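Commentary on secondary and tertiary structure
Here is what each chain is made of, one letter per residue.
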Amino acid sequence: MMQKERVFLTRTLHEFALKELKKKYRVEIHSGKIPIPKKKLAEKIKNIEGLICFPYDKIDRDLIDGAKNLKVISTYSVGFDHIDIEYAKEKKIRVGYTPEVLTKATADLAFSLMLDVMRRVSEGDRIIRSGGWKEIYGAYDYVGTDLQGKTLGIFGLGRIGSALAKRAKSFDMKIIYHNRKKISKTKEKRLLVKYVSFEKLLTQSDVISIHVPHSKQTDQLFDNKVFRKMKKSSFLINTARGKIVNEDHLLRALKNKLIAGAGLDVFESEPIEKNHPLTKIENVTLAPHIGSSTKETRAKMAEITIKNLHLGISGRKPKFSVGY
Ligand code: DGY
């Protein structure tokens, strides 16, 4: 009888997904420190045919070189900047990821962060919990900023950016966007969005929401220079990747009131600590990387992750595939 293929998971997944995997493969799940230490992953990857990983597992050249039998890397995320896609392609290793199913959940979160920081909801919650709400209903108390009539600048009008545009429209916002490539006129009309240069996106937006992948081109793109160009009354929302923003520069921009506030779901290094300087700033709403984190979406991501893995192990292209 043919031996079952081996699959390694760098962290556990939903029960239904594990059950499904165990029917077909010899499955091992990492259960120690998260992320799995590179040395341990290097040890495990040597003998397996399929790998299920998470967005913080760096799958680089060294690891791929040691993976002599590996046919597929299936990541439980839409982002794949943690995987050396080019090298995996060279080695004819399939890479699967989980777009589409998390589009709406992530757009919802970007929208929540925008609403929250502009209307100071979490800040108010912190004030009440620390006993700071002393007087009722003053004319200038805890005033926020209207969304209606404001310009939302979407940096990266792909799936998630477009879903955000739809949400913002129903709040009567104007929408401009910047992409490497303009979208079609028909789509622009349907979404009621206008293409602008990156420069104009910075200077005209009241809120900028980032929806591009992290890459060499976008690494630390939001720095001092960018913050100085943004309106002093504007907000920055990031649900994409922390490394797209220079966090030290953002901190300074917030402290020195170069911009009005920020809503952040992602950070340069995660998780951030209790005493991280961003936690000391009032005009920031922080979330623990929960863009796709709803029961429904996470279960769908698990379904796609194992589907991508099955296809890759059997020599076919994953349902959602990058590279080879
Ligand atoms: C992804 O899928 O890349 C997200 O960052 C996870 O929420």
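These figures come from a predicted structure and were not determined experimentally. (Residues numbered from 1 in each chain as written. Predicted model: local features only at pLDDT ≥ 70, side-chain atom pairs only at ≥ 80, totals over all residues. Heavy atoms only, no water.)

Brief notes about the pairing of strand β2 (residues 26-29)
When strand β1 (residues 6-9) meets β2, the two strands line up parallel, connected through 4 bridges. Directly across from Leu9, in β2, lies its bridge partner Ile29. Taken together, β1, helix α1 (residues 15-24) and β2 constitute a β-α-β crossover, and its handedness is right-handed. (Pairing = 2+ DSSP bridges. Helix = DSSP H or I, 4+ residues; strand = E, 2+ residues; numbered from the N terminus. Right-handed = clockwise from strand over helix to strand, strands pointing away.)

As for the site of the ligand
Around the ligand lies a shell formed by Ser77, Val78, Gly79, Leu102, Arg241, His289, Ser292 and Arg298. Here an oxygen atom of the ligand and a backbone polar atom of Val78 are 2.6 Å apart. Contact between the ligand and Ser292: an oxygen atom at 2.9 Å from a side-chain N or O atom of the residue. Taken together, the residues that form the shell around the ligand break down as 2 nonpolar, 4 polar and 2 charged. (Near = heavy atom within 4 Å. Polar contact = N/O pair within 3.5 Å; in protein donor to acceptor, adjacent residues only side chain to side chain. Nonpolar A, V, L, I, M, F, W, Y, C, P; charged D, E, K, R; others polar.)

Points about the layout of surface pockets
A volume near 220 Å³ is recorded for the second largest pocket. Of the residues assigned to the lining of the second largest pocket, the class counts are 8 nonpolar, 2 polar and 3 charged. (1 Å grid on protein atoms, 1.4 Å probe; cavity = no way out; pocket = protein on both sides within 12 Å on 5 of 7 lines; lining within 4 Å. Points joined across faces, edges and corners; volume = space filled by probe spheres on them.)

Things to note about the side chain of His249
Looking at the element boundaries, His249 is found in helix α11 (residues 247-255). Excluding residues that lie within four positions of it along the chain, His249 makes contacts with Asp223, Asn224 and Phe227. (Contact = heavy atoms within 4.5 Å.)

Quick look at the environment of Ala110
Among the secondary structure elements, Ala110 is positioned in helix α5 (residues 103-119). Classification of Ala110 as buried rests on a relative accessible area of 2%. The sequence separation of Ala110 and Leu164 amounts to 54 residues, and the corresponding C-alpha distance is 7.4 Å. Setting aside anything within four residues of it in sequence, one finds Ala110 in contact with Leu164, Ser209, His211, Ile237 and Thr239. (Buried < 20%, exposed > 50% of the residue type's maximum accessible area, 1.4 Å probe, protein only.)

Observations regarding the domain arrangement of the protein chain
Annotation of the protein chain at the domain level lists domain 1 (6-99 + 296-313) and domain 2 (103-286). Relative to domain 2, the C-alpha centre of domain 1 lies at a distance of 32 Å. The interface is formed by 5 residues belonging to domain 1 together with 4 residues belonging to domain 2. When domain 1 packs against domain 2, the two sides together hide about 430 Å² of surface, and 47% of this comes from carbon and sulfur. Looking at the side of domain 1 facing domain 2, the largest losses of area belong to Asp81, Pro99 and Thr297, adding up to 70% of the total buried there. Connecting domain 1 to domain 2 are 1 salt bridge. A salt bridge links Asp81 to Arg241; the shortest N-O distance between them is 3.3 Å. Here domain 1 is connected to domain 2 by 2 residue pairs in polar contact (both at pLDDT 80 or more). Per-class residue counts for the side of domain 1 that touches domain 2 are 2 nonpolar, 2 polar and 1 charged. (Domains from an automatic or database assignment. Buried area = accessible area lost by both parts, 1.4 Å probe. Salt bridge = Lys/Arg side-chain N within 4 Å of Asp/Glu carboxyl O.)

Comments concerning a nonpolar patch on the surface
Judged by side-chain polarity, Ile128, Trp133, Ile136, Tyr137 and Tyr142 come together as a nonpolar surface patch covering roughly 690 Å² of accessible area. Relative to the helices and strands, Ile136 is located in the loop between α6 (121-129) and β6 (151-155). (Patch = residues over 30% accessible without salt bridge, like charges linked within 9 Å, V, L, I, M, F, W, Y side chains within 5 Å. Areas by Shrake-Rupley, 256 points an atom, 1.4 Å probe, with all protein chains shown as cover.)

Quick look at α5
Relative to the 24 Å expected for 17 residues at 1.5 Å per residue, α5 spans 24 Å between its end C-alpha atoms, a close match to the ideal helical length. In terms of residue burial, α5 counts as a mostly covered element, since 12 of its 17 residues are buried. Burial in α5 covers these residues: Thr103, Ala105, Thr106, Ala107, Leu109, Ala110, Phe111, Leu113, Met114, Asp116, Val117 and Met118. Phi turns positive, to about 60°, at Arg120, one or two residues after α5. (Expected span 1.5 Å × (residues − 1).)

Structural notes on the pattern of salt bridges
In the structure shown here, the tally under the stated rule is 15 salt bridges. We note a salt bridge from Glu123 to Arg120, for which the minimum N-O separation is 2.9 Å. By relative accessible area, Glu123 is classed as buried at 11%. The salt bridge partner of Lys229 is Glu199, with a shortest N-O separation of 3.4 Å. You can see Lys229 sitting in helix α10 (residues 224-229) and its partner Glu199 sitting in helix α9 (residues 198-204), a full 30 residues away along the chain. Classification of Glu199 as partly exposed rests on a relative accessible area of 41%. Several salt bridges share partner residues, and in doing so they unite Lys38, Asp60 and Asp62 into one network.

A look at the environment of Ile210
With respect to the helices, strands and loops of the structure, Ile210 is situated in strand β9 (residues 207-210). As a C-alpha pair, Ile210 and Gly156 span 54 residues in sequence and 6.6 Å in three-dimensional space. Ignoring any residue separated from it by four or fewer positions in sequence, one finds Ile210 in contact with Phe155, Phe222, Leu236, Ile237, Asn238, Thr239, Ala240, Ile244 and Val245.

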